[in-house]
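In case you want the letters, here they are:
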Amino acid sequence: MNFKAKFSNLSIKNKVQYIFVVFMVITILLCSLFFLSVTRVKLRHTYEDRNMDKLNSVEKSYSAVIDNANNISKLIIVNDSVLSYLRYRNSEPDERKIRDDAVRSELYRILNSFSGNYYVYLIRRQDAVEGANNSQDPRPEAHFNTSDSDYYVNTAMGIMKPDLNEIYSEKWYDLALEQNGSYVVIADNSRAFRDNTGIETVSFARIINDIDTQKPIGLLVINIPMRELDETYSNFVGRETFAAFVDSEGKCISSAADQNVVDEYISDNPLILRKNEYQNKNDNPVVSCRKISGTDFYLICSSRFSFLSDLAKEMTGLVLGVIVILVLMLYFTSRYINKYIANPVTRLSEIMQHSETGAPVQIQNIVDSADEIGTLQKCYNDMTIRINRLLEEVVEQEKQRQRAELTVIQEQMKPHFLYNTLETIGYMALQNTRDEVYDAIETLGVFYRKFLSKGSDTITVSDEISIVKNYIKLLRLRYDDLFEDYYEIEEGLESAMIIKLILQPLVENAIYHGIRPKGEKGEIKITIYTENGRMHIKVYDTGVGMSQEQIDALLNGEDKKSFGFKGTINRIKNFYQNDVYVGIDSREGEYCEIDINIPRHI
């Protein structure tokens with residue numbers, strides 16, 4: 001015996017207990033999963049925001065370092081001693097030494113006004129000699145003797161020595177010249193400077209122009225110790241966090257980790273160096289990257305989050321508290337249902353089983369309350385009284401339904417209508433044009449195609465109207481100018497579904513039992529509209545009308561001649577489960593209007 005069969009054979013009490021246990025477990029799991037998912041998403045967004053805050057803070061600190069160097073450079077490039085040094089060169093060693101010391105003194109004076117340990121190099125053009133006109137060539141052909149210090153002065157004597165041929169290369173001089181008076185930051189200065197201290201630096205460089213001629217007369221280089229960059233992100237680096245400056249090729253400029261770690265981040269995030277700002281999605285760790293404005297530097301920050309470690313203890317206690325409350329609520333709910341619902345239903349079922357082999361018997365004193373169980377007991381007793389009568393009514397209703405279906409089948413057949421229409425079309429073939437004959441045959445085909453509607457019980461209002469219009473068009477082949485037809489359909493009801501063949505039998509009755517007996521031209525008007533959520537279908541004719549006695553007999557099913565109307569109404573009531581209201585308004589000799597009120601179905 002499988003689980004389904006075993007469960008079906010359990011008592012209601014046991015079923016309730018099993019269901020509540022399963023629901024309790026599922027509810028706790030779903031609540032936990034929901035909480036964990038929401039919390040994880042919230043944590044990720046929190047780390048994304050933290051990463052962006054880190055980027056903003058580090059970029060701000062970086063800008064402060066560069067702005068400091070920029071302010072130093074602004075004071076240097078307008079200093080008279082600096083400009084005099086760059087414009088003229090004295091060949092006498094003693095005088096050159098005095099001039100160099102004076103310039104160096106000015107550089108130290110300027111540096112002492114700022115915080116930070118910077119190394120300044122003032123390098124003049126080789127062709128900027130005393131009394132000479134500056135060359136128009138933006139970058140002079142430099143063939144320096146690297147041991148000759150006549151062309152530069154610096155504040156890092158004995159610490160770093162420049163390679164002037166490298167500095168006047170395209171990478172340095174041309175790059176600085178392209179800035180049009182602004183500065184450029186160069187990360188890789190290993191070939192341009194040689195030092196004996198192991199101090200790593202990045203270079204801030206800008207062209208110095210003569211104030212009078214606005215011609216380049218020298219190059220200013222400020223070497224910024226790498227520790228200045230390290231300090232911009234030092235507060236954000238930890239066991240689960242990472243920060244680094246890299247160039248456009250992914251080479252590490254400044255980082256708390258080695259190049260392999262940087263390469264791994266770039267490999268895992270291929271787009272990281274292709275956008276000015278980047279942040280990965282749905283990954284752990286969260287990686288953010290931003291290009292530093294005005295440079296080829298990229299700042300990378302990452303944070304790895306651990307859900308369990310980041311989940312606050314207060315929230316964990318809250319979740320456990322909610323689970324405990326949920327378990328208690330389910331437990332007491334289960335006990336209540338067993339005591340006041342499951343147990344009474346079980347006793348009621350045991351007593352009702354005694355009636356399985358015979359006629360239903362009344363039961364007493366299962367419960368004394370007036371709740372649903374008490375109502376069930378009372379209804380069962382009432383049911384035993386009405387059951388036989390209901391069975392008889394069901395049998396009678398089934399007979400009526402079968403008769404109604406038979407009537408519908410007979411009405412659908414309509415052989416005399418088909419024969420008469422074909423006979424009329426035959427006469428038309430002899431007397432009328434072939435276009436008129438074709439139109440009549442096509443109308444007949446469309447009528448029966450819509451009439452049958454592929455065996456479906458329901459059609460749209462527009463199709464029902466189409467059936468009536470084709471039916472009337474065929475009738476006009478025989479009766480020509482006997483009546484006029486009008487239609488008033490509420491906008492939006494064309495696509496509403498109704499049981500088919502409501503209108504055609506009513507229109508047929510209106511013509512044959514209303515307008516034709518009157519002997520004069522009449523009108524047929526079909527109106528369909530909604531009111532209070534229900535649909536009204538009205539058929540109005542200006543025929544002979546009916547007396548109140550005829551109306552009552554028709555509505556009560558006592559008119560034996562109106563089997564078509566009666567069968568139609570019974571079919572409609574059977575389809576809509578008696579949720580149908582039929583009204584007739586008529587005046588003898590003037591008009592008759594039939595109103596069928598049915599539920600609206602879209």
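Residues numbered from 1 in each chain as written. Predicted model: local features only at pLDDT ≥ 70, side-chain atom pairs only at ≥ 80, totals over all residues. Heavy atoms only, no water.

Q: Help me out: how do you make sense of the overall build of the protein in this one?
A: Along the backbone of the protein there are 17 helices and 19 strands. Classification of the 602 residues of the protein by burial places 42% in the buried group. The contacts of the protein with a sequence gap of at least 6 include a subset with a gap of at least 24, amounting to 66%. With an accessible surface of roughly 34,100 Å², the protein has 52% of that area assigned to carbon and sulfur atoms. (Helix = DSSP H or I, 4+ residues; strand = E, 2+ residues; numbered from the N terminus. Buried < 20%, exposed > 50% of the residue type's maximum accessible area, 1.4 Å probe, protein only. Contact = heavy atoms within 4.5 Å. Areas by Shrake-Rupley, 256 points an atom, 1.4 Å probe, with all protein chains shown as cover.)

Q: Quick question: what am I supposed to make of the packing of aromatic side chains here?
A: Pairs of aromatic rings are described using the distance from one ring centre to the other and the angle between the two planes. Using the criterion set out here, one finds 10 aromatic pairs in the structure. Taking 5.9 Å as the distance between ring centres and 65° as the angle between the ring planes, the aromatic pair formed by Trp172 and Phe193 counts as edge-to-face. Residue Trp172 is located in helix α6 (residues 170-177), and its partner Phe193 is located in strand β5 (residues 193-195); the two are separated by 21 residues in the primary sequence. Here Trp172 and Phe193 have matching classes, each one buried. (Phe/Tyr/Trp six-rings, centres within 6.5 Å; stacked < 30°, edge-to-face > 60°.)

Q: Would you mind going over the sheet that holds strand β12 (residues 298-303) with me for this structure?
A: Taken in spatial order, the five strands of this open sheet run β9-β8-β12-β11-β10, and their pairing is antiparallel. Every interior strand has two partners, whereas the edge strands, β9 (252-255) and β10 (277-279), have only one. Going across the sheet, the axis of each strand differs from the next one's by a mean of 15°, ignoring polarity. By the bridge criterion, three bridges tie strand β8 (residues 241-246) to β9 in an arrangement that is antiparallel. The residue bridging Ala244 from the neighbouring strand is Ser255, located in β9. Seen against the sheet, helix α7 (residues 226-233) touches β8 and β9 and runs at an angle of roughly 60° to β9. Packed onto the sheet, helix α8 (residues 259-268) meets β8, β9, β11 (286-291) and β12 and runs at close to 95° relative to β8. (Pairing = 2+ DSSP bridges. Axes fitted to C-alpha atoms, helices over the stretch in contact; angles between N-to-C directions.)

Q: Where do I start with the packing of helix α14 (residues 461-479) against helix α15 (residues 503-518) in this structure?
A: In helix packing, the relevant descriptors are the interaxial angle and the interaxial distance, both defined with respect to the helix axes. Where α14 meets α15, the closest approach of the two axes is 9 Å, and the angle between their N-to-C directions is 30°. Judged on the interaxial angle alone, α15 and α14 are roughly parallel. Here α14 and α15 pass one another in a crossing that is right-handed. In this structure, α14 uses Glu464, Ile465, Ile467, Val468, Tyr471, Ile472, Leu475, Arg478 and Tyr479 to contact α15, whose residues at the interface are Leu503, Gln504, Val507, Glu508, Ile511, Tyr512 and Arg516. Here the residues of the contact of α14 with α15 are counted per class, giving 11 nonpolar, one polar and four charged. (Parallel < 35°, antiparallel > 145°, perpendicular 65-115°, else oblique. Left-handed = near helix turned anticlockwise from the far one by under 90°. Nonpolar A, V, L, I, M, F, W, Y, C, P; charged D, E, K, R; others polar.)

Q: What exactly am I supposed to notice about the sheet that holds strand β2 (residues 152-154) here?
A: Adjacent strands of a sheet form backbone hydrogen bonds with each other and so pair up, either parallel or antiparallel. Within the open sheet, the five strands sit side by side as β2-β1-β7-β6-β4. Their pairing is antiparallel. At either end of the open sheet lies a strand with only one pairing partner, and these are β2 and β4 (184-186). With strand direction ignored, the average angle separating the axes of adjacent strands in the sheet is 20°. Where strand β1 (residues 119-124) lies against β2, three bridges are found, and the strand directions are antiparallel. Each bridged residue has a counterpart across the sheet, and for Leu122 the counterpart in β2 is Val153. In this fold α7 packs onto β6 (201-209) and β7 (216-225), with an angle of close to 50° to the strand it touches most, β7.

Q: Can you walk me through α6 in this structure?
A: Note: α-helices contain 3.6 residues per turn, so residues at a spacing of three or four share the same orientation. If you check which residues of α6 are buried, you get Trp172, Tyr173, Asp174 and Ala176. Buried positions in α6, seen along its axis, are confined to an arc of 165° and lie on one side of it. In this structure, the buried residues of α6 make contact with α5 (164-167), β4, β5, β6 and β7. (Arc of directions from axis to C-beta.)

Q: Is there a simple way to think about α8 in this case?
A: Here α8 has its buried residues at Val262, Tyr265 and Ile266. Around the axis of α8, the buried residues are gathered within 95° of arc, so they sit on the same side. Away from its buried face, by an angle of more than 90 degrees, α8 presents the exposed residues Asn260, Glu264, Ser267 and Asp268. Contacts from the buried residues of α8 go to β8, β9, β11 and β12.

Q: Explain the environment of Glu488 to me, please; I cannot follow it from the model alone.
A: Here Glu488 is to be found in strand β14 (residues 483-489). Considering only alpha carbons, one finds Glu488 and Lys525, 37 residues apart in sequence, at a separation of 7.8 Å. With residues up to four places along the chain from it excluded, the contact list for Glu488 reads Lys525, Ile526, Thr527 and Ile528. At 3.0 Å, the side chain of Glu488 and the side chain of Lys525 are in polar contact. (Polar contact = N/O pair within 3.5 Å; in protein donor to acceptor, adjacent residues only side chain to side chain.)

Q: It is not clear to me how a nonpolar patch on the surface should be interpreted in this structure. Could you clarify?
A: A surface patch of nonpolar side chains, amounting to about 560 Å² of accessible area, comprises Ile19, Val22, Phe23, Ile26, Leu30 and Leu33. Inspection of the secondary structure assignment puts Leu33 in helix α2 (residues 12-77). Of the residues examined, Leu33 reaches a relative accessible area of 53% and is grouped as exposed. (Patch = residues over 30% accessible without salt bridge, like charges linked within 9 Å, V, L, I, M, F, W, Y side chains within 5 Å. Salt bridge = Lys/Arg side-chain N within 4 Å of Asp/Glu carboxyl O.)

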